[in-house]
Amino acid sequence: QVQLVESGGGLAQPGGSLRLSCAASGTIFSIKVMGWYRQAPGKQRELVASMSSDTSTNYADSVQGRFTISRDNARNTVYLQMNSLKPEDTAVYYCKADGAHTYYGGKYYWEDYWGQGTQVTVSS
């Protein structure tokens, strides 16, 4: 009952910029953390950036200072502004949300939800 849809991926030149968007839809009582992960061919999926509901953020060292995560709680949407892109940023980027999808027996049930991923390619 929860779906995440990413958009904004594509091709960029080194030094260029892209902005990714991820919107959560469905029955969501609350979302604790939303974030972005990426996975390059032959590599494990890694955290890029995340933001908690209290606006605290976490960034991978490799993107610190270049990427900025933001969140629109009213729209259950998270963004990733990617500047000064490098070829090593090439990967499939996935949106993740930690959301409460069910309220039963007087308590919430939380799960991690993942988007389908959007390809980001940085090449000249």
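Heads up: the structure comes first, above all this text.
About the criteria used
- Residues numbered from 1 in each chain as written.
- Predicted model: local features only at pLDDT ≥ 70, side-chain atom pairs only at ≥ 80, totals over all residues.
- Heavy atoms only, no water.
- Patch = residues over 30% accessible without salt bridge, like charges linked within 9 Å, V, L, I, M, F, W, Y side chains within 5 Å.
- Areas by Shrake-Rupley, 256 points an atom, 1.4 Å probe, with all protein chains shown as cover.
- Salt bridge = Lys/Arg side-chain N within 4 Å of Asp/Glu carboxyl O.
- Buried < 20%, exposed > 50% of the residue type's maximum accessible area, 1.4 Å probe, protein only.
- Helix = DSSP H or I, 4+ residues; strand = E, 2+ residues; numbered from the N terminus.
- Core = buried A, V, L, I, M, F, W, Y, C linked by side-chain atoms within 4.5 Å.
- Contact = heavy atoms within 4.5 Å.

Asks: How would you summarise a nonpolar patch on the surface if you had to cite specific residues and measurements?
Replies: Residues F29, Y103, Y108 and W110 make up a contiguous nonpolar surface patch of about 430 Å² in total accessible area. A residue is classified by how much of its surface remains accessible, and F29, at 43% relative accessible area, is partly exposed.

Asks: Which residues make up unusual backbone geometry, and what are the values?
Replies: You will see that N76, though not glycine, has its phi angle at about 50°, which is positive. What makes N76 partly exposed here is its relative accessible area of 24%. One non-glycine residue with positive phi stands out, namely S84, at about 50°. Here S84 is to be found in the loop between β8 (77-82) and β9 (91-104).

Asks: I'd like to hear about the nonpolar core, residue by residue, with values.
Replies: With 31 residues, the main nonpolar core has W36, L80, M82 and Y93 as its most contacted residues. Sorting the residues of this core by element identifies β1 (2-7), β3 (18-26), β4 (30-39), β5 (46-52), β7 (67-72), β8, β9 and β11 (118-122) as the ones contributing at least two each. Aside from chain neighbours lying at most four places away, what touches Y93 is E6, L20, W36, Y37, R38, V48, F67, L80, M82, G117, T118 and V120.

Purely geometric stuff here, so don't read any function into it on its own.
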